[in-house]
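Architecture and fold: a report
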Amino acid sequence: VHAIAFDALGRHVALAVRVGTQWGIAIDGHVGDLWDGVGAPQMSSDGLHIAYAADAGGHWRIVHDTAAPFLVPGLVVSSLQLDADGCSVAYVVRRGNDVVVVSGTAVSPPWRMVRSLVLATDHSGGAEAPPPTAYAARDATGWHLVSNGMVGAMFEEVREVHLTSTGTAVAVARANGRESVVRVDRIGAWHDAVLTVSVGPDDRVGYVARDGEETFALLEDGQELVRSTTSDVAITDLALASAGKALWVTASSTQQTIVTPSGTFGFDRVIEGTLQFVDGRGTWTALVGDRTRRELRVVVNGRDSGTRFDWSEITRRLRQGDGANGLRNWVAAEARRIRAQEAVPFGR
């Protein structure tokens, strides 16, 4: 799933394919140039632009739409990102013992390590205005959240970097065995663990945290959405939409339940990270599991509308990072496809 990319509506798909001994990117089933190797493709939100890393004889270059591929010595292949309108790319390059982030024509200072590079999801500034960019970076002292060139405080670890719709970066930071949701210029409350972060389209930031046996969902401003005071039932996931709407998942030893403003929906399993809103009207989706049938399916607003998928084939790929992000995007694309089909009048 880490080598598949969709547009925002699920109408276009790009994926890595092998042809004989070579590799290419198939866009809606049509294979482009063949290479010795390719990286995971990135697609714009409208599906009209594509970018990926391609290897020719051990030399990696970036393919961006129909422009001539440009050689990037030292490219960290998995780091390539394309902004939402498809005009700009950002990536990480090795330079000696360090790495730098390249976004448009801007080059960052050198770092020991960079991870979780993200670009703004709704940028529309074109190639002349590189999109807001954020990432986690490590220097000789520790890890920092970096946003548009601004460097945040030092922590033992920084992970799960997100950008709000206005380009503000948030991430999970760890220090002295505790975790917090941080910005470049702000550190939030400290907890035993921060389990997940959710960013809403109205720039609200929420997260699920654990302190002792208690788990709870909070907004970044401290407003509490829900709390579980027992270890038998835990809050495990959270999704935010506009107009104050929120969803969360509670988990017990026998069932996982999605709690929504219109009711609760119980399943054998809700795949972590797939719960999300897919439009501004409050439509939500998730990938859920049926243990008896060993099947996974996409539900939309709690209704079983999607194709059934093999449990073991998908769950064995569920890991933090590119695979998890690819799975989340795929579930959203499937939900939008289902909604589009439901909107077509019968007989057309």
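Shown above is the structure to which this text applies.
On a predicted model such as this, the values are computed, not experimentally measured, just so you know.

This brings us to the overall build of the protein chain. A count of helices and strands for the protein chain gives two helices and 34 strands. A buried classification covers 47% of the 348 residues belonging to the protein chain. Sequence separation of 24 or more characterises 35% of the internal contacts of the protein chain that already satisfy a separation of 6 or more.

It is worth spelling out the side chain of T196 at this point. Inspection of the secondary structure assignment puts T196 in strand β22 (residues 193-199). Owing to a relative accessible area of 11%, T196 belongs among the buried residues under this scheme. With sequence-adjacent residues up to four places away left out, T196 is seen in contact with E160, G206, Y207, V208, T236, D237 and L238.

Taken together, the four strands give an open sheet; going across it, the order is β26-β27-β28-β29, and neighbouring strands pair in antiparallel fashion. Across the chains shown, the open sheet's two edge strands, defined by having one partner strand only, are β26 (234-240) and β29 (263-267). Across the sheet, the mean angle separating the axes of adjacent strands is 20 degrees when strand polarity is ignored. Examined bridge by bridge, strand β28 (residues 256-260) and β29 share five bridges and lie antiparallel to one another. When the sheet's bridge partners are listed, I258 is paired in β29 with F265.

Below, the discussion takes up the sheet that holds strand β15 (residues 133-138). As summarised here, the arrangement of the four strands in space is β14-β15-β16-β17, forming an open sheet in which the pairing is antiparallel. In this open sheet, the two strands that pair with only one neighbour each are β14 (113-119) and β17 (150-151). Bridge analysis of β14 against β15 gives five bridges, and the strand direction is antiparallel. For M113, the partnering residue across the bridge sits in β15 and is R138.

Side chains that differ in charge, positive against negative, can pair when their charged atoms come close. In the structure shown here, the tally under the stated rule is twelve salt bridges. Across the pair E160 and R159 runs a salt bridge whose closest N-O atoms are separated by 3.7 Å. A relative accessible area of 14% places E160 in the buried class. R159 gets classed as partly exposed once you look at its relative accessible area, which sits at 21%. R297 is the partner of D304 in a salt bridge, and the nearest nitrogen-oxygen pair spans 3.0 Å.

Burial within β22 is extensive, with five of its seven residues counted as buried. Sheet topology note: the β22/strand β23 (residues 205-211) ladder contains six bridges and is antiparallel. Residue V197 lies in a different strand from β23, and its bridge partner there is Y207. Taking the residues that link successive antiparallel strands as the turn, the β22-β23 hairpin has five residues, and the phi of D203 there is positive, at about 75 degrees.

There is a patch of nonpolar side chains on the surface, built from V19, V31 and L34 and spanning about 210 Å² of accessible area. Among the structural elements, V19 can be located in strand β2 (residues 13-19).

A separate point is the environment of V181. Mapped onto the elements, V181 comes out in strand β20 (residues 178-183). For V181, a relative accessible area of 4% gives the class buried. Each C-alpha atom, one on V181 and one on E160, is 9.6 Å from the other, the two residues being 21 residues apart in sequence. Residues within four places of V181 in sequence aside, it is in contact with V170, A171, I187, G188, A189, V194, V197, V205, Y207 and E220.

What follows is about the pairing of strand β33 (residues 295-300). The buried fraction of β33 amounts to five of the six residues, a majority that puts the element mostly inside the structure. Pairing of strand β32 (residues 284-290) with β33, which is carried by six bridges, proceeds in the antiparallel orientation. Bridging from a neighbouring strand, V288 pairs with R297 of β33. Between β32 and β33, which pair antiparallel in sequence order, lie four residues; one of them, R294, sits at a positive phi of approximately 55 degrees.

The rules we used
Counting starts from 1 at the beginning of each chain's written sequence and moves along it residue by residue. For a predicted model such as this one, the threshold for reporting local features is a pLDDT of at least 70, and the threshold for listing and counting side-chain atom pairs is 80 or more; totals across whole chains, interfaces and linings nevertheless cover every residue. To get the side-chain values, all heavy atoms of the structure are used, and hydrogens and water are removed first. Secondary structure elements follow DSSP: runs of H or I of four or more residues count as helices, runs of E of two or more count as strands, with numbering from the N terminus. The buried label goes to any residue with under 20% of its type's maximum accessible area, the exposed label to any with over 50%, and the partly exposed label to all in between, with areas taken from a 1.4 Å probe on protein chains only. Contact definition: two residues touch when any of their heavy atoms are within 4.5 Å. At least two DSSP bridges between two strands are required for those strands to pair. Angles shown run from 0 to 180 degrees and are taken between the N-to-C directions of axes, each axis being a line fitted to C-alpha atoms and, for helices, limited to the stretch in contact. We define a salt bridge as a side-chain nitrogen of Lys or Arg found within 4 Å of a carboxyl oxygen belonging to Asp or Glu. Only residues above 30% relative accessible area that lack a salt bridge enter a patch, with like-charged residues linked at up to 9 Å and the nonpolar side chains Val, Leu, Ile, Met, Phe, Trp and Tyr linked at up to 5 Å. Shrake-Rupley sampling with a 1.4 Å probe provides the accessible areas, and residues are treated as covered by the protein chains on show and by no other component.

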